[in-house]
Amino acid sequence: IIGNHCVIGPNVIIDKNTHILPNTTISNTIIGETCLIQSGTVIGDRGFGFTSNEKIEIRHIGNVIIGNNVQIGSNTTIDRAALDSTIIEDNVRIDNLVQVAHNVIIGKNTIIAAQCGIAGSTKIGKNCKIGGQVGINGHIKIGDNVVIAAKSGVTKNISANSTIAGFPAIDIKLWKKIKIKQRRNLK
């Protein structure tokens, strides 16, 4: 089902039982079965890349691959890859107002809350939970089963099965100890 005022551009394949809500723009994308893409989402447009001195655009000629049973919230943007694919694996849930940059890979069953920004070429493992307003640096790897607390800034690789918080994001137990010490020092 494709809602009103959607633009389905070139190089798009949409599998069965997928529902695309109004005012969505999709190009250069393969979408799996039983997906829900909410209103105002832009998928498969060019990524953000240019030479730093001359500001010459780096063309993005890749695509986006979205697995089965994926839900993408309103006004989310998923950029196509520079050469290969930006990949959203099966059963991923992405909330509203999330930016997924070019070449990002998001593993199966991962949940991403609203207002997150994921910079280019980042690899996020399976079964991760990412809180609202998290910022993730580009070109890093986040292992499987990682939990990232809301408003955290992830600046480096994160090992599997970690729970992190803060900026820069660190183990949540250490982060809590630091916060308790800070509060005590303020009194």
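Reading guide: rules and limits
Numbers given to residues run from 1 along each chain, matching the order in which its sequence is written. Local features in this predicted model are restricted to residues whose pLDDT is 70 or higher, and side-chain atom pairs enter the listing and the counts only when it is 80 or higher, whereas totals over whole chains, interfaces and linings include all residues. In computing side-chain properties, one takes all heavy atoms of the structure into account and sets aside hydrogens as well as water. Runs of H or I in DSSP of at least four residues are treated as helices and runs of E of at least two as strands, each being numbered from the N terminus. The globule rule used for comparison is 2.2 Å times the number of residues to the exponent 0.38, while the radius of gyration itself is calculated over C-alpha atoms. Residue exposure (1.4 Å probe, protein chains only): buried if accessible area is under 20% of the type maximum, exposed if over 50%, otherwise partly exposed. Throughout, a contact is declared for two residues whenever any of their heavy atoms are within 4.5 Å. None of His or the chain ends enter the tally, which takes Lys and Arg as positive and Asp and Glu as negative. The atom standing in for a charge is NZ when the residue is Lys, CZ when it is Arg, CG when it is Asp and CD when it is Glu. Strand pairing is assigned whenever DSSP identifies at least 2 bridges connecting the two strands. Candidate patch residues must exceed 30% relative accessible area and have no salt bridge, after which like charges are joined if within 9 Å and Val, Leu, Ile, Met, Phe, Trp or Tyr side chains if within 5 Å. Residue-level accessible areas treat just the shown protein chains as cover; the underlying method is Shrake-Rupley with a 1.4 Å probe. What makes a salt bridge here is a side-chain nitrogen of Lys or Arg within 4 Å of a carboxyl oxygen of Asp or Glu, nothing more. Joining through side-chain atoms within 4.5 Å is the link that ties buried Ala, Val, Leu, Ile, Met, Phe, Trp, Tyr and Cys residues into a set, and such a set is a nonpolar core.

Trainee: Explain the overall build of the protein chain here, please?
Mentor: On a plain count of helices and strands, the protein chain comes out with 1 helix and 24 strands. Whereas a compact globule of 187 residues would reach a radius of gyration of roughly 16 Å, the protein chain reaches 18 Å, a difference of no more than 12%. If one aligns the C-alpha atoms of the protein chain with their principal axes, the spans along those axes are about 60 × 45 × 30 Å. Counting every position in the protein chain, which comprises 187 residues, the buried fraction comes to 41%. Once local pairs closer than 6 in sequence are excluded, the contacts in the protein chain between residues at least 24 apart make up 14%. Put simply, the protein chain has 21 plus and 12 minus side-chain charges, and the middle of one group is 15 Å from the middle of the other.

Trainee: Is there a simple way to think about the pairing of strand β7 (residues 42-45) in this case?
Mentor: For a regular strand, the rule is simple: side chains alternate between the two faces of the sheet. Two elements, strand β4 (residues 25-26) and β7, share 2 bridges in a ladder whose sense is parallel. By the bridge assignment for β7, Ile26 is matched with Ile43. In this sheet, strand β10 (residues 77-79) lies alongside β7 in parallel orientation, the contact comprising 3 bridges. If you follow Val42 over to β10, its bridge partner there is Thr77.

Trainee: It is not clear to me how a nonpolar patch on the surface should be interpreted in this structure. Could you clarify?
Mentor: A contiguous nonpolar surface patch, about 230 Å² in accessible area, is contributed by Ile13, Ile30 and Ile65. Relative to the elements of secondary structure, Ile13 occurs in strand β2 (residues 12-14). For Ile13, a relative accessible area of 53% gives the class exposed.

Trainee: Where do I start with the sheet that holds strand β3 (residues 19-20) in this structure?
Mentor: Pairing between the strands of a sheet is mediated by backbone hydrogen bonds and can be parallel or antiparallel. Reading across the sheet, the 9 strands line up as β3-β6-β9-β12-β15-β18-β21-β23-β24 and stay open at both edges, with mixed pairing between neighbours. Strand pairing shows two members of the sheet lacking a second neighbour, β3 and β24 (170-171), which therefore form its edges. Examined bridge by bridge, strand β12 (residues 93-94) and strand β15 (residues 111-112) share 2 bridges and lie parallel to one another. Residue pairing across strands places Arg93 opposite Ile111, the latter belonging to β15.

Trainee: Would you take a moment to explain the nonpolar core for this structure?
Mentor: Nonpolar side chains tend to gather and get buried jointly when the protein is soluble and globular. Residues Ile106, Ile136 and Val154 are the most contacted members of the largest nonpolar core, which totals 37 residues. Here Ile136 is in contact with Gly117, Ile118, Ala119, Thr122, Ile124, Ile130, Ile142, Ile148 and Val154, once residues within four sequence places are set aside.

Trainee: Looking at this model, I keep getting lost on the pattern of salt bridges. Mind explaining?
Mentor: Scanning the entire structure with this criterion turns up 1 salt bridge. For Glu57, the salt bridge identified is with Arg46, shortest N-O distance 3.4 Å. With Glu57 in the loop between β7 and β8 (63-66) and Arg46 in the loop between β7 and β8, this pair connects stretches of sequence that are 11 residues apart. The partly exposed category is assigned to Arg46, whose relative accessible area is 45%.

Trainee: Sorry, what's going on with unusual backbone geometry here?
Mentor: Across the chain, the bulk of peptide bonds are trans and the bulk of non-glycine residues have phi less than zero. The linkage connecting Phe167 with the following residue, Pro168, adopts the cis geometry, with an omega of -10 degrees. One can find Pro168 in the loop between β23 (163-165) and β24. With a phi close to 60 degrees, His139 is a non-glycine residue in the positive phi region. Relative to the elements of secondary structure, His139 occurs in the loop between β19 (135-136) and β20 (141-142). Note on His139: relative accessible area 64%, which makes it exposed.

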